[in-house]
Amino acid sequence: MTKAELYKKACMLPLLPGVYIIRDKSDTIIYIGKAKRLKTRVSQYFREGVPHDAKVSQMIAHAFTFDVIVCQSEFEALVLEASQIKAHTPKYNILLKDDKGYSYVKVTRGAWPRISAALQKDDDDADYIGPFTSSFAVREMVETAQDCFLLPRCNKSFPQDFGKGRPCLNAHIGKCMAVCSGKITCAAYNDAVQGALRMIRYGKKEIVRQLREKMEAASERLDFETAALLRDQIMAIDRVAAGQKVVMESDTEMDVIALAGTTHAVCAAVLRYRDGRLTDKREFLFRDTTDIDAVREEFLPQYYLDGETIPKTIAVDALPPDAEALNEALNQARGTKVELYVPQRGDVAKLVTMAYTNAVERLGRESGRYTREEKLLEEAAQVLGLKKPPRVIESYDISNWGDGSSVCGMVVFQDGKPHRAGYRRFKMKTVAGTDDYASLAETLSRRAAEYEMARRGEKPDGPQNQFATLPDLLLIDGGRGQVGAVRQALRGTALEHVPTFGMVKDDHHRTRAIVDDEGGEIAINRHRNIFTFVTNIQDETHRYANDYRKRAMKKKSYAATLTAIPGVGEKTSAALLAHFKTVAAVKAASISDLEEVKGISHAKAEMLYNALRNGI
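Note that the structure is predicted; figures quoted are calculated from it, not measured.

### With respect to the overall build of the protein chain
Phase 1: When you go through the protein chain residue by residue, the secondary structure sums to 20 helices and 19 strands.
Phase 2: Out of the 616 residues belonging to the protein chain, those deemed buried represent 48%.
Phase 3: Put simply, 62% of the contacts in the protein chain that link residues at least 6 apart link residues at least 24 apart.

### What to know about the packing of aromatic side chains
Phase 1: Counted according to the given criterion, the structure contains 18 aromatic pairs.
Phase 2: Ring geometry for Phe46 against Phe66: centres 6.0 Å apart, planes inclined by 15°, an arrangement best described as stacked. With Phe46 in helix α2 (residues 38-46) and Phe66 in strand β3 (residues 65-70), this pair connects stretches of sequence that are 20 residues apart.
Phase 3: The interplanar angle of 40° and the centroid separation of 5.2 Å between the aromatic rings of Trp112 and Tyr189 together place this pair among those described as tilted. With a gap of 77 residues between them, Trp112 in the loop between β4 (103-108) and β5 (115-118) and Tyr189 in helix α7 (residues 186-202) connect regions that are remote in the sequence. As far as burial versus exposure is concerned, Trp112 and Tyr189 are alike and both buried.
Phase 4: Positioned above the aromatic ring of Phe66 is the side chain of Lys9, whose terminal nitrogen or guanidinium carbon lies 4.4 Å from the ring centre.
Phase 5: One cation-aromatic arrangement involves Arg424 over Phe467; the distance from NZ or CZ to the ring centre is 5.6 Å.

### Here's the deal with the pairing of strand β10 (residues 313-316)
Phase 1: Alternating positions in β10 separate into two faces, Thr313 and Ala315 on one and Ile314 and Val316 on the other, with burial throughout.
Phase 2: Pairing of strand β7 (residues 254-261) with β10, which is carried by 4 bridges, proceeds in the parallel orientation. Looking at the pairing, Met254 lines up with Thr313 of β10.
Phase 3: The pairing of β10 with strand β11 (residues 339-341) spans 3 bridges and is classified as parallel.

### A word on the nonpolar core
Phase 1: One finds Val105, Ile115, Phe149, Leu151, Met177 and Tyr189 to be the most contacted residues of the largest nonpolar core, which totals 33 residues.
Phase 2: Mapped onto this core, the elements with two or more residues apiece are β4, α5 (135-148), α7, α8 (204-220) and α9 (224-243).
Phase 3: Among the elements that make up this core, the one with the highest residue count is α7 (8 residues).
Phase 4: If sequence neighbours within four positions are ignored, Tyr189 has contacts with Trp112, Pro113, Arg114, Leu151, Pro152, Met177, Val179 and Ile184.
Phase 5: Counting 24 residues, the second-largest nonpolar core is a separate cluster that includes Leu78, Val270, Phe284 and Phe299.

### What to know about the confidence of the model for the protein chain
Do not read the predicted coordinates in detail wherever pLDDT is low.
Phase 1: Of all residues in the protein chain, 85% have pLDDT values of 70 or greater, and the mean over the chain is 81.
Phase 2: The secondary structure element of the protein chain with the lowest average pLDDT is α9, at 67, and the one with the highest is β10, at 94.
Phase 3: Contacts of residues 240-247 to residues separated by more than four positions or lying in other chains number 22 contacts, the stretch itself having pLDDT below 50.

### Some words on the sheet that holds strand β1 (residues 18-23)
Phase 1: Across the sheet, 3 strands lie side by side as β2-β1-β3; this open sheet has antiparallel pairing. Whereas interior strands pair on both sides, the edge strands pair on one side only; in this sheet they are β2 (29-35) and β3. Pairwise comparison of adjacent strand axes, ignoring direction, gives a mean angle of 20° for this sheet.
Phase 2: In this structure, β1 lies alongside β2, joined through 6 bridges in antiparallel fashion.

Procedures and definitions
Residues numbered from 1 in each chain as written. Predicted model: local features only at pLDDT ≥ 70, side-chain atom pairs only at ≥ 80, totals over all residues. Heavy atoms only, no water. Helix = DSSP H or I, 4+ residues; strand = E, 2+ residues; numbered from the N terminus. Buried < 20%, exposed > 50% of the residue type's maximum accessible area, 1.4 Å probe, protein only. Contact = heavy atoms within 4.5 Å. Phe/Tyr/Trp six-rings, centres within 6.5 Å; stacked < 30°, edge-to-face > 60°. Lys NZ or Arg CZ within 6 Å of the ring centre and 35° of its normal. Pairing = 2+ DSSP bridges. Core = buried A, V, L, I, M, F, W, Y, C linked by side-chain atoms within 4.5 Å. pLDDT = per-residue confidence, 0-100. Axes fitted to C-alpha atoms, helices over the stretch in contact; angles between N-to-C directions.

Given below as structure tokens:
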């Protein structure tokens, strides 16, 4: 069947939930999907003009026919889709493969043992705890245990290096017990090492109880030095546990999931907490797609309904569109209630950020084309709370003239870099006097109108056709008032839902924060890369708007000089400047040169020539 025939067939489907099965010419199933409304979902694959990413485009190119199974509910469709994918493993469905290896906690032998993370067992007369399925989890557990028990991380050998040089910086900031000073006994050190190992194995609650008992016993026998060391270990555990993301309450059973994407792939990162400890990190890379929402919608049910252990809690960066049906399926598969939610604040929200960071880093390792700008846009999306990285950013700034008229500069950053071919200028047509709010409202209203016309093909915007591009983010030079005026102007337009923020400067004219139309501030100075990026955008927009104003003022000044000549109006002045570019060139022109200008007769050329020579 042709694409047109497939579209016609899809338009005849019911608006009911169900599963659709797409086959190629050999009758092989190449894709299975679910839909809340079969007609809407399937028809969009074959409708002309609908953009798709690389994976979907390839699937559509190989599609020859399709079948559907109508279900009674979204829940039935979701469960059926998962079982069908498991049975047929279609080529274009998400393949849940991740790079899994094994890691160990290494403990050297001897009077002064050391703890470290290891990727494999070596024949080196050391003890190994494991294997663990995640090297990431092992590194995090070892670092947390070292922080809590103030264990050394340096390369010094004990007791050979006792008293050789001063203790390192870690000792001075309270992250190491300074074994190198020679003031820590071998027994006390070994107790700390064993405490760290117990924490790795069993979590923090039991070890804190044991340390308190030992501290009290040491105090009773007047061994204050040991009691002080134990006290410092307890304080370190409390301090580290307050901000750490590895060891939680002993009954915690939770998965934390976040997705990130580039122009080439999407990555899902899963952090697994069991018995209160981070036991594993898994990463799934999906190439040839940029649609994070589509990946999330397919990934979650396939991951959990294909035999994966379902925890009590699943914290995600965003819910899929079929969240209720998925939650029902998870409850049924586990046999007890499963909490699927997006944490808004607190420790679990920080864990989601941690998962997101790991997804971003994995994408960075995978792709040599994953540039600094792409990582920057990922970070910007995270800081601003955007659903996806803002690949196209438009920034606006008003520049006012002394006579009360205004112009606006529109600067475009594409993929984190200035896109000068997309820069545009606006001269106010309806605003009288200096009014930044009204000027921004007019500018963005015109921008939205230009978008509609460009998309319809009524008014092509040059070879770049920038006005036909829907931006991912709007940045306005100004605060809450400016953003509010823009949001009001865009209401009911195609740009209404584009995220819009203001760029606020401090008393020294430096970027201070990002604000929304409700006055909520995001302090970007704590994010150095984002701070620099936004500052560069704001400075470039300001430069471009001011440059336009200065050029217009200069042109206006030239025009005023020529219109002072009797018989020369604005139209003739504009024609002269368009032809000669400057007033000086007009003055230097001969009569025959002046006659070349459209609308200038021989008599008018003589009049102009004589007037300019006489100093008028």
